[in-house]
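Structural overview for review
Given next are the chains, with one letter for each unit.
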Amino acid sequence: MVEPLTNGTAYCESEDHFKPDECIRSSISETQARDLAKRLYGLTVTSIRQFNGYHDRNFYLTVDQDCSNPHIDEVLPHGYVLKIINTLDSKTPEHLDAQSSLLRHIHAKMPGCCPLPVKNVDGNFSSLETILQGGQNGTGTQHIVRLLCFIPGVVFHQMPQPDYDIYYDAGQFLGRLDIAIKDFSSPAFEARFNCWSMYWVPNLKRCTYAVRDPKRRALAAEVIEEFVAQVIPNYNKLQKGTIHGDFNEQNVLVTPKDGMDNADPTTETKYKHIGIIDFGENANACYVFEIGLSMMYLSTCSRKLDFIEAGGHLLAGYLTHMTLSDLEFDLLRTVVAARYAQSLVLGEYFYSLEKNEYCLSTSSAGWLQLEKLWETPKEKVMEIWSMIIEQRKDQHLTTEQ
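Quick summary incoming for the structure in this document. Keep in mind that this is a model prediction, so the values were computed, not measured.

Overview of the side chain of Asp246
As for its position among the elements, Asp246 is in the loop between strand E9 (240-243) and strand E10 (252-256). Buried Asp246, no salt bridge; nearest opposite-charge side chain is Arg339, N-O distance 4.4 Å. Here the side chain of Asp246 touches Asn248 through a polar contact of 2.8 Å, side chain to side chain. Filtering out sequence-adjacent residues up to four positions away, Asp246 remains in contact with Asn251, Asp278, Glu281, Leu293, Tyr297 and Arg339.

Observations concerning the sheet that holds strand E7 (residues 140-149)
The strand order across the open sheet formed by 5 strands is E3-E4-E5-E7-E6, and the pairing between neighbours is antiparallel. The open sheet has two edge strands, strand E3 (43-51) and strand E6 (127-132), and neither has a second partner. On average, each strand axis in the sheet is tilted by 35° relative to the strand beside it, whichever way the strands run. In terms of strand pairing, E6 meets E7 through 6 bridges, oriented antiparallel. Paired with Leu132 across the two strands is Gly140, which belongs to E7. This element, helix H1 (residues 30-41), spans E3, strand E4 (57-67), strand E5 (80-84), E6 and E7 of the sheet and lies at about 135° to E3.

A word on the packing of aromatic side chains
Overall, the coordinates contain 13 aromatic pairs when judged by the stated rule. Considering the side-chain rings of Phe227 and Phe289, the 6.1 Å spacing of their centres and the 35° angle between planes classify their relative orientation as tilted. Of this pair, Phe227 sits in helix H5 (residues 214-230) while Phe289 is found in helix H6 (residues 287-299), placing the two residues 62 residues apart along the sequence. Look at Phe289 and you get buried, because its relative accessible area is 1%.

Some words on the pattern of salt bridges
Tallied over the entire structure, the rule returns 9 salt bridges. Salt-bridge contacts for Glu129 lead to Arg39; the nearest nitrogen and oxygen are separated by 2.9 Å. Here Glu129 is found in strand E6, whereas its partner Arg39 is found in helix H1, with 90 residues between them in sequence. For Glu129, a relative accessible area of 12% translates into the label buried. A salt bridge links Lys372 to Asp306, with the nearest nitrogen and oxygen atoms 4.0 Å apart. Taken as a pair, Lys372 in helix H9 (residues 363-375) and Asp306 in the loop between H6 and helix H7 (307-318) lie far apart in primary sequence, 66 residues in all. Looking at Asp306, the relative accessible area reads 27%, which means it is partly exposed.

Criteria and cut-off values
Each chain has its residues counted from 1, following the order in which its sequence is written. Selection of residues for local features in this predicted model requires a pLDDT of at least 70, selection of side-chain atom pairs for listing and counting requires 80 or more, and totals for whole chains, interfaces and linings are taken over all residues. With hydrogens and water stripped out, all remaining heavy atoms of the structure feed into the side-chain values. Strands here mean DSSP runs of E at least two residues long; helices mean DSSP runs of H or I at least four residues long; both are numbered from the N terminus. Burial status follows relative accessibility: with a 1.4 Å probe on protein chains alone, a residue under 20% of its type maximum counts as buried, one over 50% as exposed, and anything between as partly exposed. When charges are counted, neither His nor the chain ends are considered; positive counts come from Lys and Arg and negative counts from Asp and Glu. A side-chain nitrogen of Lys or Arg and a carboxyl oxygen of Asp or Glu constitute a salt bridge if their distance falls within 4 Å. Definition of a polar contact: a pair of N or O atoms within 3.5 Å, with one able to donate and the other able to accept a hydrogen when the atoms are protein atoms, and with sequence-neighbouring residues admitted only if both atoms are side-chain atoms. Throughout, a residue-residue contact means that at least one pair of heavy atoms, one from each residue, lies within 4.5 Å. A strand pair is defined by DSSP finding two or more bridges across the two strands. With axes taken as lines fitted to C-alpha atoms, and helix axes fitted only over the stretch in contact, angles between N-to-C directions fall between 0 and 180 degrees. Centres within 6.5 Å are what make two rings of Phe, Tyr or Trp a pair, Trp counting through its six-membered ring; a difference in plane orientation under 30 degrees is then read as stacked, over 60 as edge-to-face, and the rest as tilted.

This is the structure in structure tokens:
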């Protein structure tokens, strides 16, 4: 059930979307994943490695060239990603169907930048499977299984030392992506309100108990209150459309500009942005949420750079293709801070359930950055971002002349 706010906008209060103490990830083994690849996709796995993930299981597969799937014309040398969707999202197959359509839509406009779904032997892009937990004698849970083409590259957080240009480049890519999907809509995206949606931020108070440090717990509560007071009343005034919804440091792909596959971490390697993966949080939502959450996540990788300035360069790149109103720019610091709070609080919450270290991946830099962002006056933050935007505009004009 989606509860309407007083201004007519909705956010999720449904227990169907969030059940405390519920573990929704499959405990599938590598052997079971190999068997699924063979039975569902006609592929013989030659190597398998599990990728990080919050709620889904993601296996990187390389496979033999012999294939019994009539819907695969050519076996990809770079391999595939087998996704075992969590039990909660497996209850909404319409969202995954819409996601597959969106990936094909993006590929037609921006070839090669996102993973394409692969049909199984029955000609479908997904299937609902019963995964036995703990072997043949275990109990079964139902999970949607999908296969995606693997895109080679380096994820953003693996760069030894990013520079401001890669942030600007990533922002430009995100802007182009949002332009490319502006004309795509789906009823499934309209109803997308899970705990990672920024519409869900007001409900974070249900999870703050999991934050072990009392000062950080209080900080998160303060940020949530600010979001409720400043952002929620303006929902109807914010630009909306289909967004990626998870443009983070684990999903953004880059590659060395010199074309080398393996960059030397001791050198000042320059990178360029090449793609984006994981479209599990696609939704119809506010564009200020899209850029705000992206600034938050990628800033956690700023390392030697000033993280507020790094976010400013990402924003400047985004604004070469998209626009923000004065109101949206005024709310942006609060939105960025709220995403820090959302990621950090939910990270600690989900870690408390199954001790998945990936859930704490943003914690080391994230809490310190949120503390600094929140203690820096809003006017100062906006001044920094505005100055970077103007500098990038001047550089762009100079380049064109």
